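The lines below spell out each chain.
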Amino acid sequence: MDMDLQLTVTAEEPPLDEAPVGRQATAQACLLTYAPNASIALPVHASVELVEQPRVVPVPGMPHFCQGLVAWQGRQLPLIDFQAYLQAPGNARAALAYSHVLIVAYQTAPGRPLQYGALCAPFLVRMIEVANSQQCPLPAGEVCWTSIAVSCLMNQGQPIPVLDPARIFDRPVPSGAH
Amino acid sequence: MIDLSPAKRATTMKMRGDFVLLRAEGLRLLLPQREVMSTEYRDHAPAATAQAGIFALEDAHGTPQPVAALSDRMALMDRFPQDRFVLTRFAGPGQATALAWNDVRVLIDTELEFHALPAVMQDGAGLVDAYVEIDHELAFCTTAQRMLPEALARSD
């Protein structure tokens, strides 16, 4: 299995409110485009690695938005198709082809060990610089972003929810999602 | 099979016992050996029935017995794969129907390390609740009681 395109994980970002006077504070975020014209952002410390063409083992009875288990550093990680995650089982569109998966890290509580999961990356994954001034309300609509996102930023005229991976990977599947 | 529920947060545990490893193409299942009632080889091809995914195979007395084959995703296959020669019957609901496998391996007095499925893949009533690694391949842990009613109701 190839593991390349290591993402830059920077050390503690300085708090945005400690920027020098006259200069807008910025931080980095990882932008994952999961469907045409639809992206989410992840905190930079949550985006661990891009893995190219991993072997995926399907799990019998897994929810419609799971692709299977991906082996990574001696662990088996659940792989989620985020586009399907946002859709009801019966309405899910055909999964997009993907050549990479993004390994994400999360904690279930402060002080707990890091846990890992994987998201399908059908499009380019980019690191972007964001400023406080880009903060905006979560998009309204069918998706209940407040249950899975911690914030939202405006990027090139598009609101990008900032995902908390723990809210997806550490929760049992809602009933009816199989 | 084992209690690796998210509530208990036991993500890994070792257990020794008698198991049976069943393979259907890419699907590998691990069940307690005591749940397998019989294992036999088929020597002729099963015939289609009116019920999708269920085929008929005559026994030694010429009586047709239901037989089915599972896909990678543990659903009934509409076409019977010709390379499934090993048939098993299980205790519990659906025991009349034999399932066909590529191969069946019995693991006697074997210690295995069970890993709970990630929380996002569990719903409390899932077909499988854990996996083990055998010969560098994953096998998913289930029981006949959970597998048969669910698998026999699902078609590809």
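Located above this text is the structure these notes cover.
Residues numbered from 1 in each chain as written. Chains lettered and ligands numbered in written order. Predicted model: local features only at pLDDT ≥ 70, side-chain atom pairs only at ≥ 80, totals over all residues. Heavy atoms only, no water.

**Q** I'd like a description of the environment of Pro81 of chain B, backed by residues and values.
**A** Residue and element names in this part refer to chain B. For Pro81, the position within the fold is in the loop between strand E6 (64–69) and strand E7 (86–90). Separated by 22 residues in sequence, Pro81 and Asp59 have C-alpha atoms that sit 19 Å apart. What Pro81 contacts, discounting residues up to four positions off in sequence, is Arg42 and Ala69. (Helix = DSSP H or I, 4+ residues; strand = E, 2+ residues; numbered from the N terminus. Contact = heavy atoms within 4.5 Å.)

**Q** Before we move on, can you summarise the pattern of salt bridges with the specific residues and values?
**A** Under the criterion given, the structure shown has eight salt bridges over all chains. Salt-bridge contacts for Arg55 of chain A lead to Glu137 of chain B; the nearest nitrogen and oxygen are separated by 3.0 Å. Residue Arg55 of chain A is found in the loop between strand E4 (47–52) and strand E5 (56–57), and its partner Glu137 of chain B is found in strand E11 (residues 137–141); the two belong to separate chains. The exposure class assigned to Glu137 of chain B is partly exposed, which follows from its relative accessible area of 30%. Of the charged contacts, one joins Asp103 of chain B and Arg23 of chain B as a salt bridge, the two residues approaching to 3.1 Å between their closest N and O atoms. A residue pair is termed long-range when its members are at least 10 positions apart, and Asp103 of chain B in strand E9 (residues 103–116) and Arg23 of chain B in strand E1 (residues 12–24) qualify at 80 residues. Assessed through its relative accessible area of 32%, Asp103 of chain B is described here as partly exposed. (Salt bridge = Lys/Arg side-chain N within 4 Å of Asp/Glu carboxyl O. Buried < 20%, exposed > 50% of the residue type's maximum accessible area, 1.4 Å probe, protein only.)

**Q** Go over the sheet that holds strand E10 (residues 130–134) of chain B with me, naming the residues and quoting the values.
**A** The strands that make up a sheet are held in pairs by hydrogen bonds between backbone atoms, and each pair lies either parallel or antiparallel. All names here are of chain B. Read around the barrel, five strands follow the order E1-E2-E11-E10-E9 and close on themselves; strand pairing throughout is mixed. Strand-to-strand twist across the sheet, computed as the mean angle between neighbouring axes with direction ignored, equals 50 degrees. The pairing of E10 with E11 spans five bridges and is classified as antiparallel. Each bridged residue has a counterpart across the sheet, and for Val132 the counterpart in E11 is Ala139. (Pairing = 2+ DSSP bridges. Axes fitted to C-alpha atoms, helices over the stretch in contact; angles between N-to-C directions.)

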